[in-house]
Amino acid sequence: MTVCVAACVHDGLVFAADSATSLVGTNEAGVAVIERVYQHGNKVFNLDKRLPVVAMTSGLGAIGNAPIHSLAKDLRREFKKPDSKYHLDVEKYTIEEITQKAHDFLYGEKYAAAPKITGDHSLDFWIGGYSSNSDRHELFKITIENGAATVASLCQNGECQIFWGGQPNAINRLVIGYDNALVESLRRVGVSDSDLPGLMETIRANTEAPLMHPGMPVQDAIELCNFLVETTKGFVRFLPGADTVGGEIDVAVVTRHERFKWIKRKHYYPWKLNKLETDHV
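Okay, so let's go over this structure. Since the model is a prediction, treat every value here as computed from it, not as a measurement. (Residues numbered from 1 in each chain as written. Predicted model: local features only at pLDDT ≥ 70, side-chain atom pairs only at ≥ 80, totals over all residues. Heavy atoms only, no water.)

### Looking at the packing of helix H1 (residues 68–80) against helix H2 (residues 95–113)
The line we're drawing: Angles run from 0 to 180 degrees between N-to-C directions of axes, and those axes are lines fitted to C-alpha atoms, restricted for helices to the stretch in contact. Counting from the N terminus, the helices are DSSP H or I runs at least four residues long and the strands are E runs at least two residues long. Every angle not falling under 35 degrees, over 145, or within 65 to 115 is termed oblique; those three ranges are roughly parallel, roughly antiparallel and roughly perpendicular. Helix crossings are classified by the rotation of the near helix relative to the far one: an anticlockwise turn of less than a right angle makes the crossing left-handed, while a clockwise turn makes it right-handed. Any two residues whose heavy atoms approach within 4.5 Å are treated as being in contact.
Contact geometry for H1 and H2: axes closest at 11 Å, N-to-C directions at 125 degrees. On the basis of the axis angle, H1 is oblique to H2. Where H1 crosses over H2, the two elements pack in a sense that is right-handed. Residues Leu71, Asp74, Leu75, Glu78 and Phe79 of H1 pack against Ile98, Lys101, Ala102, Phe105, Leu106 and Lys110 of H2.

Given below as structure tokens:
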């Protein structure tokens, strides 16, 4: 379980995510249950240290025995290999190309070869940044859900918007004014499925909170993303059940001039004992 937030503003892209990782099993009745929650998962990645590109994940924490953060590092290594089919020309590349290579690697290669996953499952892998010789950011999302994969373009040509995934209820309520519980409640009181889309659009037009402005400085976008993740952590903490959103918040930024920069990130080793290391995610 996760909460992840991506903000696209004129200054660049901000990715933020919590660190909780849930292990799900089944009880004697065959019902899925959360067995354990760890608080040190990695969900935001420097996908290529040479480029203004950032990635983030939610959903499945692993494909087979390989954690998603480890697969992201494997892909980063493949980008550099001249003889790899995933090789990336740093002088001439697009974010769409990187996304397609990530799709082929994660889904076509790793997911296809892993033991089949039973039951409902999904994985989102977000990739954002700047194509070579471009001054406009882009954002894509790869989704693997119950065996099928799709690639969605969320932002092109520098469009500005905020997106979130994982466990969205807290942010849905805060930003758009409601979550899926309202939809189900309207169905129960007799609102037809044909009337729901128009009704929900009207409700959202009157309840959505305009928290983000395209021209906001990147520092404010960082604080907004951090606020939304922190709010979700508090929301989940006080709900019944396991704290499936939690741990430290990792935040990364990509801008056209500064490229990839960590804003907040956790380490599992002391920096003073590893002075030659500058990065681990």
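### Some remarks on helix H4 (residues 180–188)
Put simply, the rule reads: Residues adjacent in sequence count toward polar contacts only when both atoms are side-chain atoms; beyond that, a polar contact is any pair of N or O atoms within 3.5 Å, and within protein one must be able to donate a hydrogen and the other to accept it.
By the N-cap criterion, in which a side-chain oxygen at the helix start approaches the backbone nitrogen of a residue two or three places on, H4 is capped by Asp179, the distance to Ala181 being 2.9 Å. Phi turns positive one or two residues past the end of H4, at Gly190, with a value near 105 degrees.

### Topic: the sheet that holds strand E9 (residues 122–130)
Just so we agree on the cut-off: Only strands that DSSP links by at least two bridges are regarded as paired with each other.
Taken together, the five strands give an open sheet; going across it, the order is E5-E6-E9-E10-E11, and neighbouring strands pair in antiparallel fashion. The sheet terminates laterally at strand E5 (44–45) and strand E11 (148–155), the two strands that pair on one side only. Here E5 runs beside strand E6 (residues 53–59); their pairing, made up of two bridges, is antiparallel. Opposite Phe45, over in E6, you have Ala55 as the bridge partner. Along the sheet, H2 makes contact with E6, E9, strand E10 (137–145) and E11, crossing E10 at roughly 15 degrees.

### Some thoughts on H1
Heads up, the condition is: A helix is expected to reach a length of 1.5 Å times the quantity of its residues less one. Three exposure classes are used, based on accessible area relative to the maximum for each residue type with a 1.4 Å probe and protein chains only: buried under 20%, partly exposed in between, and exposed over 50%. In this context, the arc is that of the directions from the helix axis out to the C-beta atoms.
Between its first and last C-alpha atoms H1 spans 19 Å; for 13 residues at 1.5 Å apiece the expected length is 18 Å, and the two agree. What H1 keeps buried is the set Ile68, Leu71, Ala72, Leu75, Arg76, Glu78 and Phe79. When H1 is viewed along its axis, its buried side chains cluster within an angular range of 160 degrees and face the same direction.

### Overview of the nonpolar core
Note the threshold: What is meant by a nonpolar core is a set of buried Ala, Val, Leu, Ile, Met, Phe, Trp, Tyr and Cys residues, joined one to another through side-chain atoms within 4.5 Å.
Core analysis: the largest hydrophobic core is formed by 29 residues, its most contacted members being Val5, Val14, Ile162, Trp164, Ile171, Met212 and Leu228. Counting only elements with at least two residues in this core, the list comes to strand E1 (3–9), strand E2 (12–17), strand E12 (161–166), helix H3 (169–176), H4, helix H5 (196–207), helix H6 (218–237) and strand E13 (250–255). When sequence neighbours within four positions are dropped, the list of residues in contact with Ile162 reads Val5, Ala6, Ala7, Met212, Leu224 and Leu228. In this structure, Ile68, Ile98, Ala102 and Phe105 belong to the second largest nonpolar core, which totals 28 residues.

### A closer look at the packing of aromatic side chains
Definition in use: Pairing of aromatic side chains requires ring centres within 6.5 Å, counting the rings of Phe and Tyr and the six-membered ring of Trp. Pairs whose planes differ by under 30 degrees are stacked, by over 60 edge-to-face, and all others tilted. Each ring is checked for a lysine NZ or an arginine CZ that lies within 6 Å of its centre and within 35 degrees of its normal; such an atom marks a charge sitting over the ring.
Applying the stated criterion to the full structure yields four aromatic pairs. With a centroid separation of 5.6 Å and an interplanar angle of 25 degrees, the aromatic rings of Tyr107 and Tyr111 are classed as stacked. Highlighted residues: Tyr107 and Tyr111, both in helix H2, separated by four residues, approximately one helical turn. Overall, the relative accessible area of 23% leaves Tyr107 in the partly exposed class. The class for Tyr111 is buried, based on a relative accessible area of 14%. Across from the ring centre of Trp126, 4.9 Å away, lies the NZ or CZ of Lys141, which sits over that ring.

### Here we look at the sheet that holds strand E14 (residues 259–264)
With antiparallel pairing, five strands are arranged side by side in an open sheet as E12-E1-E2-E13-E14. The sheet is open, and its two edges are formed by E12 and E14, each paired on a single side. In this sheet, neighbouring strand axes are inclined to one another by 15 degrees on average, regardless of whether the strands run parallel or antiparallel. One ladder, built from five bridges, connects E2 with E13; its direction is antiparallel. Bridge pairing in E13 places Ala17 opposite Asp250. Sitting on the sheet, H3 is in contact with E1 and E12, with an inclination near 150 degrees to E12.

### What about the pattern of salt bridges?
For clarity, the cut-off: Basic side-chain nitrogens of Lys or Arg form a salt bridge, by our definition, when they fall within 4 Å of a carboxyl oxygen of Asp or Glu.
Following the criterion strictly, the structure yields 12 salt bridges and no others. The residue Glu97 makes a salt bridge to Lys101 at a minimum N-O spacing of 3.9 Å. Taken together, the residues Glu97 and Lys101, both in helix H2 and four residues apart, mark about one turn of the helix.

### Some words on a nonpolar patch on the surface
What counts here: Two distance rules govern patches: like charges are joined within 9 Å, and nonpolar side chains (Val, Leu, Ile, Met, Phe, Trp, Tyr) within 5 Å, applied only to residues with over 30% relative accessible area and no salt bridge. Using a 1.4 Å probe, accessible areas were evaluated by the Shrake-Rupley method; residue-level cover was limited to the displayed protein chains.
A cluster of nonpolar side chains, namely Met1, Val24 and Ile34, defines an oily patch on the protein surface of about 260 Å² accessible area. Note on placement: Met1 falls in the segment before E1.

### Description of the side chain of Thr232
Within the fold, Thr232 resides in helix H6. Among the polar contacts made by the side chain of Thr232, one reaches the main-chain carbonyl oxygen of Leu228 at a distance of 2.9 Å. Excluding its chain neighbours within four sequence positions, the residues that come into contact with Thr232 are Val3, Gln167, Ala170, Ile171 and Val245.

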